[in-house]
Amino acid sequence: MGKIFELIDISATYGEGIILKDVNLTINSNDFIGIIGPNGGGKTTLVKLMVGLLKPVKGRIIMHKASGRDTKNQIGYLPQISLFDKRFPISVIDVVLSGLASEKAVFKKYTKADKDKAIELLARMGISDLYSRPIGELSGGQMQRVFLCRAIITSPSLLILDEPNTFVDSKFEADLYDILLELNKTMAIIVVTHDIGTISYYVKTIACVNKYLNYHPSNIITEKQLAAYGCPIQIITHGDIPHTVLKKHDH
Amino acid sequence: MAEFIELISYSFFSKALLAALLASISCGIAGTYIVARRKVFIAGGITHASFGGIGMGYFFGINPMFGGAAFGLLSALGIEFISKKTEIREDSAIGIIWSFGMALGIIFIFLTPGYAPNLMTYLFGNILTVSNTDINFMIILCSLLILFFILFYRIILFISFDEEYAQSHKLPVNTFNYILIALVALVIVLNIRVIGIILVISYLTIPQSAANLLTRNFKHIIIYSVIFGVLGSITGLYISYIADLPSGAIIIFVFVVLYLAIWLLKYFHQKHRIQRQLK
Ligand SMILES: Nc1ncnc2c1ncn2[C@@H]1O[C@H](COP(=O)(O)OP(=O)(O)OP(=O)(O)O)[C@@H](O)[C@H]1O
Ligand SMILES: [Mg+2]
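Rules behind the numbers
- Residues numbered from 1 in each chain as written.
- Chains lettered and ligands numbered in written order.
- Predicted model: local features only at pLDDT ≥ 70, side-chain atom pairs only at ≥ 80, totals over all residues.
- Heavy atoms only, no water.
- Donors = N, O, S within 2.8 Å, 3.2 Å for Na, K, Ca; no water.
- Helix = DSSP H or I, 4+ residues; strand = E, 2+ residues; numbered from the N terminus.
- Buried < 20%, exposed > 50% of the residue type's maximum accessible area, 1.4 Å probe, protein only.
- Salt bridge = Lys/Arg side-chain N within 4 Å of Asp/Glu carboxyl O.
- Polar contact = N/O pair within 3.5 Å; in protein donor to acceptor, adjacent residues only side chain to side chain.
- Contact = heavy atoms within 4.5 Å.
- Buried area = accessible area lost by both parts, 1.4 Å probe.
- Nonpolar A, V, L, I, M, F, W, Y, C, P; charged D, E, K, R; others polar.
- Axes fitted to C-alpha atoms, helices over the stretch in contact; angles between N-to-C directions.
- Parallel < 35°, antiparallel > 145°, perpendicular 65-115°, else oblique.
- Left-handed = near helix turned anticlockwise from the far one by under 90°.
- Pairing = 2+ DSSP bridges.
- Expected span 1.5 Å × (residues − 1).
- Arc of directions from axis to C-beta.

Draft legend 1. The coordination of the magnesium ion (ligand 2), seen in detail. Residue and element names in this part refer to chain A. Those protein atoms acting as donors to the magnesium ion (ligand 2) are Thr 44 (OG1) and Gln 80 (OE1), and they sit at 1.9 to 2.2 Å. Of this pair, Thr 44 sits in helix α1 (residues 43-51) while Gln 80 is found in the loop between β5 (75-78) and α2 (92-98), placing the two residues 36 residues apart along the sequence. Classification of Thr 44 by relative accessible area gives partly exposed; the value is 23%.

Draft legend 2. Geometry of the pattern of salt bridges. Counted under the stated rule, the structure contains 16 salt bridges over all chains. With its nearest N and O atoms 3.7 Å apart, the salt bridge here joins Asp22(A) to Lys21(A). Taking relative accessible area as the criterion, Asp22(A) reaches 36% and is therefore assigned partly exposed. We classify Lys21(A) as partly exposed; its relative accessible area is 31%. A salt bridge links Arg38(B) to Asp85(A), with the nearest nitrogen and oxygen atoms 2.7 Å apart. Taken together, the residues Arg38(B) in the loop between α2 (11-36) and α3 (40-60) and Asp85(A) in the loop between β5 and α2 connect one chain to another. For Arg38(B), a relative accessible area of 54% translates into the label exposed. If you follow the salt bridges from partner to partner, you end up with Arg37(B), Lys39(B), Glu80(B), Lys84(B) and Glu163(B) in one network.

Draft legend 3. Spotlight on the side chain of Ser24(B). All names here are of chain B. If you trace the backbone, Ser 24 turns up in helix α2. The exposure class of Ser 24 is buried, given its relative accessible area of 1%. A polar contact is formed between the side chain of Ser 24 and the backbone oxygen of Gly 229, at a distance of 3.3 Å. For Ser 24, the side chain forms a polar contact with the main-chain nitrogen of Val 230, separated by 3.3 Å.

Draft legend 4. Representation of the interface of chain B and chain A. If you look at the interface, chain B gives 23 residues, while chain A gives 37 residues. Between chain B and chain A lies a buried interface of about 2800 Å² when both sides are counted; carbon and sulfur atoms form 60% of it. Of all residues in chain B, Arg154(B), Phe161(B) and Arg216(B) bury the most surface against chain A, accounting for 32% of the area lost on that side. Our count for the chain B to chain A interface comes out at three salt bridges. Residue Arg216(B) is joined to Glu137(A) by a salt bridge in which the shortest nitrogen-to-oxygen separation is 3.9 Å. Where chain B meets chain A, there are seven residue pairs in polar contact (both at pLDDT 80 or more). Secondary-structure elements contributing two or more residues to the side of chain B that touches chain A are α7 (132-161), α8 (163-168) and α11 (218-243) of chain B. In terms of residues, the side of chain B that touches chain A owes the most to one element, α7(B), which gives eight residues. A per-class count over the side of chain B that touches chain A returns eleven nonpolar, five polar and seven charged.

Draft legend 5. Highlighting the environment of Ile97(B). Residues and elements named next belong to chain B. Within the fold, Ile 97 resides in helix α5 (residues 90-111). On a C-alpha basis, the gap between Ile 97 and Ala 49 in space is 6.1 Å, while along the polypeptide they are 48 residues apart. Filtering out sequence-adjacent residues up to four positions away, Ile 97 remains in contact with Ala 49, Ser 75, Ile 79 and Ile 82.

Draft legend 6. Spatial organisation of the environment of Tyr58(B). Looking at the element boundaries, Tyr58(B) is found in helix α3. Expressed as a C-alpha distance, the spacing of Tyr58(B) and Ala69(B), which sit eleven residues apart in the sequence, is 14 Å.

Draft legend 7. Layout of the packing of α11(B) against helix α12 (residues 247-278) of chain B. Residues and elements named next belong to chain B. The geometry of α11 relative to α12 is characterised by a closest axis approach of 8 Å and an angle of 130 degrees between their N-to-C directions. The angle between α11 and α12 falls in the class oblique. Taken as a pair, α11 and α12 cross one another with a handedness that is right-handed. Contacts between α11 and α12 involve Phe 228, Gly 229, Gly 232, Ser 233, Thr 235, Gly 236, Leu 237, Ile 239 and Ser 240 from the first element and Ser 247, Ile 250, Ile 251, Val 254, Phe 255, Leu 258 and Ile 262 from the second. Considered class by class, the residues forming the contact of α11 with α12 number nine nonpolar, seven polar and no charged.

Draft legend 8. Here's a closer look at the sheet that holds strand β2 (residues 18-28) of chain A. Residues and elements named next belong to chain A. Sheet architecture is open: three strands sit in the order β2-β1-β4, paired in antiparallel fashion. The open sheet has two edge strands with one neighbour each: β2 and β4 (58-63). This sheet shows a mean twist of 15 degrees between the axes of neighbouring strands, independent of strand direction. Bridge count for strand β1 (residues 3-13) against β2 is seven bridges, and the pairing is antiparallel. Across the sheet, residue Thr 13 finds its bridge partner in β2, namely Ile 18.

Draft legend 9. Geometry of α5(B). All names here are of chain B. Over its 22 residues, α5 extends 32 Å from the first C-alpha to the last, a length consistent with the 32 Å expected when each residue adds 1.5 Å. Those residues of α5 that fall on the buried side of the exposure criterion are Ala 93, Ile 94, Gly 101, Met 102, Leu 104, Gly 105, Phe 108 and Ile 109. One side of α5 carries all its buried residues, which in axial view fall inside an arc of 160 degrees. Of the residues in α5, the exposed ones pointing more than 90 degrees away from the buried face are Ile 96, Phe 100, Ile 106 and Phe 110. Looking at the buried residues of α5, the elements they touch are α3, α4 (64-85) and α6 (119-124).

Draft legend 10. Spotlight on unusual backbone geometry. You will see that Glu163(A), though not glycine, has its phi angle at about 50 degrees, which is positive. With respect to the helices and strands, the residue Glu163(A) is situated in the loop between β6 (158-162) and α5 (170-183). The backbone phi angle of Arg38(B) is positive, close to 55 degrees, even though this residue is not glycine.

Here you go:
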């Protein structure tokens, strides 16, 4: 149940203008945090800081070493936008396996067990029949699922998803959240989303990001509270949930 | 054909075949990398920039290939650096380096007193005049390339496919990018003797593109393009011998014919398959 990751007094910039200021966040091993905030609020920037794609101008980031593993790939990551070449000659299963590339010693090949694991993950995402196809021949939602497999094949201790519901259909969206709940038994999860209505069923806590980060230690949040956090966003609810208050969903 | 086999036994011709084989292997590997990563224009820039070093070599009386290698490496690392670390747009930077290298080469060769070097050898290459030293350098480079790609294949593939994700795994992405582009530069410079500045890009792109028609697997593209490279070179050498035409140009002609043939085969195969599915 211990701390696995800490952001301490972090500020970040891309050159001009401070995008994030004095951000503090501690992530424990069973956390499931929903990150919300307006467009351009700095959610993706926060994610990039966590996975090491951007260096903070101020503050410290600490990754606590989980027992018996390298901190190198302790984080699984699903980018909001993957900047890859759609025509790159690589098959679906090799994309998934590439998640393991950094932990393979130079000479070691992917083992049969690695491949089985990859296929199993693809099956869980409902796309195991596509394993040998070139990645460029998949639809947007199918690709998103492949990248999710790549993110979790290392069994990371922290999984960070930046808007995983772009591209995927509503059927898979529901599946996805169930998969995440299952994964949450063994890893902390951070999910960036605009769909606060749905996500609050699943997350345990909420962080509002709009230059500053306000941590809300519950999954029930009102629009009033959001405004107080400097995150003026509307809560779109699905079904019969009251307009302002999001209730905890029992599992 | 018997005549051709007899020909092979001449040392200059068997050396040419060996050079073609080594060119096919080195370009097969390096070319797959640059084609997959869409760095063909960078390869063009490196090729032409190295001409500056060749000219400088003539002027100062050192081996032109050393000058070429120095310029090739510097321009390769320079382009990689410019595209990553500065605001200058990559293709514009390549255009500048490309033409500046050529200009320097022409100036130096013009200034070289007395002996006017045979420019044509560098522009178009001459597979029949490849020296033992050239062959030895190429053997070393091929071994280095094969070793590097075997050792780091998975990491090269990972970085090439999605640099950002590889970076999030704390892999030394930039180091790999620099090493790989430096290897590409060495492949280009060593093959200039064989295929020439103007034609070297063909060995780096045509067999790979043909291979890419048949497979979307990085490793298989390497293997197929080495095979196509060898096939094309031998056929080209043979035709150039019997028709008494320049070997480099004929080899490329064969490459393109091979590419078109594969493209056509694939086209009709696919059409046939679709027809069957529609029934
Ligand atoms: N590479 C970049 N260079 C310069 N500025 C950037 C860069 N990426 C993002 N920004 C700026 O940083 C701010 C935060 O962007 P970020 O992508 O973190 O927002 P976000 O909260 O993820 O938004 P969205 O909900 O649209 O995904 C924006 O104002 C954006 O203009
Ligand atoms: Mg974002």
